[in-house]
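Okay, here's what each chain looks like letter by letter:
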Amino acid sequence: MKLTEKIDFYQKPRDFWRGLITLILILTPLGINSYGLSLLTQVLIFGILAMSLDILIGYTGLVSFNHATFFGVSAYTTGILFYCGWKNFWLTLGAGIAVSTALAILLGLVVLRSSGPYFLMITLAFGQMIFALAWRWRSLTGGDDGLPGISRPDLGLPVSMENNISFYYLVLVFFLATLFALWKFVHSPLGMSVVGVRESESRMQALGYNTFGLKLAAYALAAAVSGLAGVLYVYFTGFISPQELNWTMSGLIILMVIIGGAGTLVGPVIGAAVILVLQNLISSYTDRWPLFMGILFILCVMYARNGILGYFLKLFKGGKNHEGIGS
Amino acid sequence: MKALEVKDITKKYGGLKVLRHLSLSVAPGERRAIIGPNGAGKTTLFNTITGLSKPDSGKIYIFGKNVTRLSAYHRARLGLSRTFQRNNLFFNLTLLDNINLALHVNRSPQKARDFLQHWGLYHRKNVKVKELSYGEQRQVELLLALVQSPRLMLLDEPTAGISQGESRVITRMIQGLPREVTVIIIEHDMEVVFNLADRITVLNRGQILYEGTAAEVRTHPAVKEIYLGSAGEEGP
């Protein structure tokens with residue numbers, strides 16, 4: 001019996017790596033300074049955000065250029081509710097996710113009628129409309145000043161979230177829960193159907209699938225998870241401005257997904273980590289950090305078409321090509 | 001009740017009339033071939049029947065139900081399935097996952113395995129479809145249309161681009177279908193057409209030029225001239 005368990009353990013190296021990485025994430029706050037902890041918290045929040053976009057780019061085949069909209073709208077909802085006196089974390093979390101999901105369903109009814117480059121352009125247009133709205137509607141959003149001074153939430157627990165370590169663990173719990181839930185989703189019949197849409201929408205229709213409904217479900221799910229990231233982000237930074245709704249933010253999330261490896265869930269988290277760490281490290285030496293990001297992107301396009309994770313999986317699998325973004 | 005009834009449909013792409021007041025009716029269980037030169041409107045006709053494109057005018061009935069305004073997936077749910085002229089498969093997924101998707105995933109995992117075993121492709125179940133040979137991919141194209149036990153199948157050039165041996169395999173697969181299934185096939189290979197079809201419809205410039213049995217089509221002078229060549233011996 002013991003022997004079987006041992007063999008099973010070695011036959012599932014993935015479980016080992018998953019366990020090890022989770023353990024490292026749990027123990028990290030014990031051996032890291034406050035700057036490192038803050039960066040790691042940011043990586044986990046953007047990891048959630050990048051995973052949510054991966055559902056669209058990697059699994060559904062929809063390159064959406066307004067993902068920051070759902071992130072920012074949820075963050076604004078939290079900020080505005082905070083200004084209205086809502087301090088309870090769970091209520092603001094629910095509200096943030098609900099608003100971004102509802103907005104995704106409304107927008108999805110329009111944008112999902114197009115595909116390919118047209119889809120990309122129309123999502124970009126809607127994203128910029130909402131960015132402009134946040135910029136102009138000063139009485140609600142604070143305009144370009146944004147909404148500052150949002151303090152850490154009250155969870156109704158004996159632990160204070162003002163403590164960065166406690167807040168890190170809160171983010172970590174949501175990160176692991178999101179990873180698990182999205183992993184379950186992509187391996188569910190619904191997740192498989194969404195991959196079918198990525199592979200061939202006309203074939204899926206010929207097989208009796210309501211592809212529009214599937215795309216709308218994926219779009220709403222991605223927006224909901226993005227909304228979760230938005231709520232955590234605004235509590236983390238204590239500030240939200242229109243820049244979080246801008247196309248540059250949407251572009252950054254797309255880069256995280258593509259550099260990390262679309263269609264893998266974990267890849268975009270690696271992408272988020274690489275981009276944020278590089279951005280923080282290089283920007284402390286030079287203002288020209290986007291130049292290095294550009295070089296990284298070019299290297300990925302030339303040598304790692306399936307992203308960093310795809311590249312390493314290919315190495316470990318002895319040259320067997322790993323499939324990422326419906327390549 | 002007819003398996004398929006197309007009434008007076010017209011389809012234009014810009015200024016080009018691809019289908020011109022075309023009417024067609026196919027009896028249940030029939031094997032109907034649709035032939036015609038390239039550009040005759042055969043695939044457009046299939047696309048309008050399956051709902052991938054909407055006709056500008058006219059009506060389409062499947063087993064007596066008016067489906068003209070129904071979407072493609074609604075029509076599929078009525079028992080209509082099709083294959084595509086160019087392989088339209090889930091290329092990055094395994095063969096087994098392709099069949100599972102066609103079975104709407106959650107029904108019975110064993111059913112997909114049994115189905116592949118029945119059609120002799122079980123040993124290839126874990127191979128990604130893009131890694132299968134072209135001939136095998138054409139078979140998968142047919143299997144995806146078959147696995148849902150359709151009542152009406154539209155096959156768009158199922159033997160295009162494959163060897164004679166592979167073509168015979170696919171022809172045998174179609175011949176082996178139960179008679180409850182109505183089959184409409186677009187095909188350029190006249191050997192396949194004459195082997196399979198009860199009746200043949202000849203399409204030219206978006207209109208029906210002639211309709212009859214294989215023997216009648218072979219000898220019809222206008223068909224010979226336009227499609228089979230004046231000698232009536234050569235293919236397109």
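Keep in mind that what you see is a predicted model, and the values were worked out from it rather than measured. (Residues numbered from 1 in each chain as written. Chains lettered and ligands numbered in written order. Predicted model: local features only at pLDDT ≥ 70, side-chain atom pairs only at ≥ 80, totals over all residues. Heavy atoms only, no water.)

**Some details on the overall build of chain A**
A count of helical and extended segments in chain A gives 15 helices and zero strands. For chain A, whose C-alpha radius of gyration is 20 Å, the value lies close to the compact-globule estimate of 20 Å for 327 residues. Dimensions of chain A, computed from C-alpha atoms along their principal axes, come out at roughly 60 × 50 × 45 Å. Taking all 327 residues of chain A together, 52% fall into the buried category. For chain A, long-range pairs separated by at least 24 residues make up 75% of all intrachain contacts whose partners lie at least 6 apart in sequence. For chain A, the accessible surface area stands at approximately 15300 Å², while carbon and sulfur atoms represent 69% of it. Taken together, the 19 basic and 13 acidic charged side chains of chain A have centroids lying 8 Å from each other. (Helix = DSSP H or I, 4+ residues; strand = E, 2+ residues; numbered from the N terminus. Rg over C-alpha atoms; globule rule 2.2 N^0.38 Å. Buried < 20%, exposed > 50% of the residue type's maximum accessible area, 1.4 Å probe, protein only. Contact = heavy atoms within 4.5 Å. Areas by Shrake-Rupley, 256 points an atom, 1.4 Å probe, with all protein chains shown as cover. Lys, Arg positive; Asp, Glu negative; His and termini not counted. Charge placed at Lys NZ, Arg CZ, Asp CG, Glu CD.)

**Focus on the packing of aromatic side chains**
Within the structure shown, the criterion is met by 16 aromatic pairs over all chains. Ring geometry for Phe71(A) against Tyr233(A): centres 5.1 Å apart, planes inclined by 50°, an arrangement best described as tilted. Placement of the pair is Phe71(A) in helix H4 (residues 67–83) and Tyr233(A) in helix H11 (residues 211–237), with a sequence separation of 162 residues. Residue Phe71(A) shares its accessibility class with Tyr233(A), and that shared class is buried. Lying across the ring of Phe167(A), Arg152(A) places its NZ or CZ 4.3 Å from the centre. Lying across the ring of Phe194(B), Arg218(B) places its NZ or CZ 3.9 Å from the centre. (Phe/Tyr/Trp six-rings, centres within 6.5 Å; stacked < 30°, edge-to-face > 60°. Lys NZ or Arg CZ within 6 Å of the ring centre and 35° of its normal.)

**Overview of helix H4 (residues 109–118) of chain B**
Residue and element names in this part refer to chain B. Residues of H4 that are buried: Ala-112, Phe-115 and Leu-116. The buried residues of H4 occupy an angular sector of 95° when the element is viewed end-on, so they sit on one face. Buried residues along H4 sit in contact with helix H3 (95–102) and helix H5 (134–146). Just beyond H4, the residue with positive phi is Gly-120, at close to 75°. (Arc of directions from axis to C-beta.)

**Observations regarding the packing of helix H8 (residues 164–186) of chain A against H11(A)**
Residue and element names in this part refer to chain A. Following both chains from N to C, one finds H8 and H11 inclined at 175°, their axes separated by 11 Å at the closest point. As summarised for this structure, H8 and H11 are arranged roughly antiparallel, according to the angle between their axes. In contact with Phe-167, Val-171, Phe-174, Thr-178, Leu-182 and Phe-185 of H8, H11 contributes Leu-221, Val-225, Leu-228, Leu-232, Tyr-235 and Phe-236. (Axes fitted to C-alpha atoms, helices over the stretch in contact; angles between N-to-C directions. Parallel < 35°, antiparallel > 145°, perpendicular 65-115°, else oblique.)

**Some details on the pairing of strand S7 (residues 152–156) of chain B**
All names here are of chain B. A large share of S7 lies buried, amounting to five of its five residues. Looking at chain direction, strand S6 (residues 80–82) and S7 are connected through three bridges and run parallel. Among the inter-strand pairings, Arg-82 is bridged to a residue of S7, identified as Leu-154. (Pairing = 2+ DSSP bridges.)

**Some thoughts on the nonpolar core**
Counting 139 residues, the largest nonpolar core has Phe46(A), Phe89(A), Tyr219(A), Ile99(B), Ile174(B) and Ile200(B) as the members making the most contacts within it. The dominant element in this core, judged by the number of residues it contributes, is helix H3 (residues 34–60) of chain A, at 16 residues. Sequence-distant contacts of Ile99(B), defined by excluding residues within four places in its chain, comprise Ala112(B), Phe115(B), Leu116(B), Leu143(B), Leu144(B) and Val147(B). The next biggest cluster of nonpolar side chains, apart from the first, holds 23 residues, and it includes Leu4(B), Ala40(B), Leu154(B) and Ile184(B). (Core = buried A, V, L, I, M, F, W, Y, C linked by side-chain atoms within 4.5 Å.)

**Comments concerning the interface of chain A and chain B**
Each partner contributes to the interface: chain A provides 20 residues, whereas chain B provides 26 residues. Taking both sides of the interface into account, the surface hidden between chain A and chain B amounts to around 2000 Å²; carbon and sulfur atoms contribute 58%. Considering only the surface of chain A that becomes buried against chain B, Met192(A), Arg203(A) and Leu207(A) emerge as the three largest contributors, covering 33% of it. Counting across the chain A and chain B interface gives one salt bridge. Across the salt bridge formed by Arg203(A) and Glu141(B), the nearest N and O atoms sit 2.3 Å from each other. On inspection of chain A and its partner chain B, the count reaches twelve residue pairs in polar contact (both at pLDDT 80 or more). Broken down by secondary-structure element, the contributors of at least two residues to the side of chain A that touches chain B are helix H9 (189–199) and helix H10 (201–206) of chain A. Per element, the largest residue contribution to the side of chain A that touches chain B is seven residues, and it comes from H9(A). (Buried area = accessible area lost by both parts, 1.4 Å probe. Salt bridge = Lys/Arg side-chain N within 4 Å of Asp/Glu carboxyl O. Polar contact = N/O pair within 3.5 Å; in protein donor to acceptor, adjacent residues only side chain to side chain.)

**Some words on H4(A)**
Residues and elements named next belong to chain A. In this model H4 runs 25 Å from its N-terminal to its C-terminal C-alpha over 17 residues, within 8% of the 24 Å that 1.5 Å per residue would give. Across the 17 residues of H4, 15 count as buried, placing the element largely inside the fold. Following H4 by one or two positions, Gly-85 adopts a phi angle in the positive range, close to 100°. (Expected span 1.5 Å × (residues − 1).)

**What to know about the side chain of Ser52(A)**
All names here are of chain A. Looking at where Ser-52 falls in the secondary structure, it is placed in helix H3. By relative accessible area, Ser-52 is classed as buried at 0%. Here the side chain of Ser-52 touches Leu-49 through a polar contact of 2.6 Å, landing on its backbone oxygen. One polar contact links Ser-52 to His-67, side chain to side chain, over a distance of 2.8 Å.

**Brief notes about the sheet that holds strand S8 (residues 182–186) of chain B**
All names here are of chain B. Read from one edge of the open sheet, six strands run S6-S7-S8-S3-S9-S10, paired in mixed fashion. Among the strands making up the open sheet, the edge pair consists of S6 and strand S10 (207–212). Each adjacent strand pair in this sheet contributes to an overall mean axis angle of 20°, direction not counted. As paired elements, strand S3 (residues 31–35) and strand S9 (residues 199–204) share four bridges and run parallel to each other. Bridging from a neighbouring strand, Ile-34 pairs with Thr-201 of S9. Contacting S3, S6, S7, S8 and S9, helix H1 (residues 42–50) crosses the sheet at an angle of about 150° to S7.

**Examining unusual backbone geometry**
In this structure, Leu265(A) takes a positive phi of about 65° despite not being glycine. Topologically, Leu265(A) is positioned in the loop between helix H12 (247–260) and helix H13 (266–283). Its identity is not glycine, yet Asp8(B) carries a phi of approximately 55°, on the positive side. Along the chain, the position of Asp8(B) falls in strand S1 (residues 4–13).

**Quick look at the pattern of salt bridges**
Scanning the model with the defined rule gives ten salt bridges over all chains in all. In this structure, Glu199(A) and Arg198(A) form a salt bridge, with 2.9 Å as the shortest nitrogen-oxygen distance. Taking relative accessible area as the criterion, Glu199(A) reaches 16% and is therefore assigned buried. The partner of Asp156(B) in a salt bridge is Arg82(B), and the shortest N-O contact between them spans 3.9 Å. Of this pair, Asp156(B) sits in strand S7 while Arg82(B) sits in strand S6, and the two are 74 residues apart along the sequence. In this pair, the class of Asp156(B) matches that of Arg82(B), namely buried. One network of salt bridges, with partners in common, ties together Arg138(A), Asp144(A) and Asp145(A).

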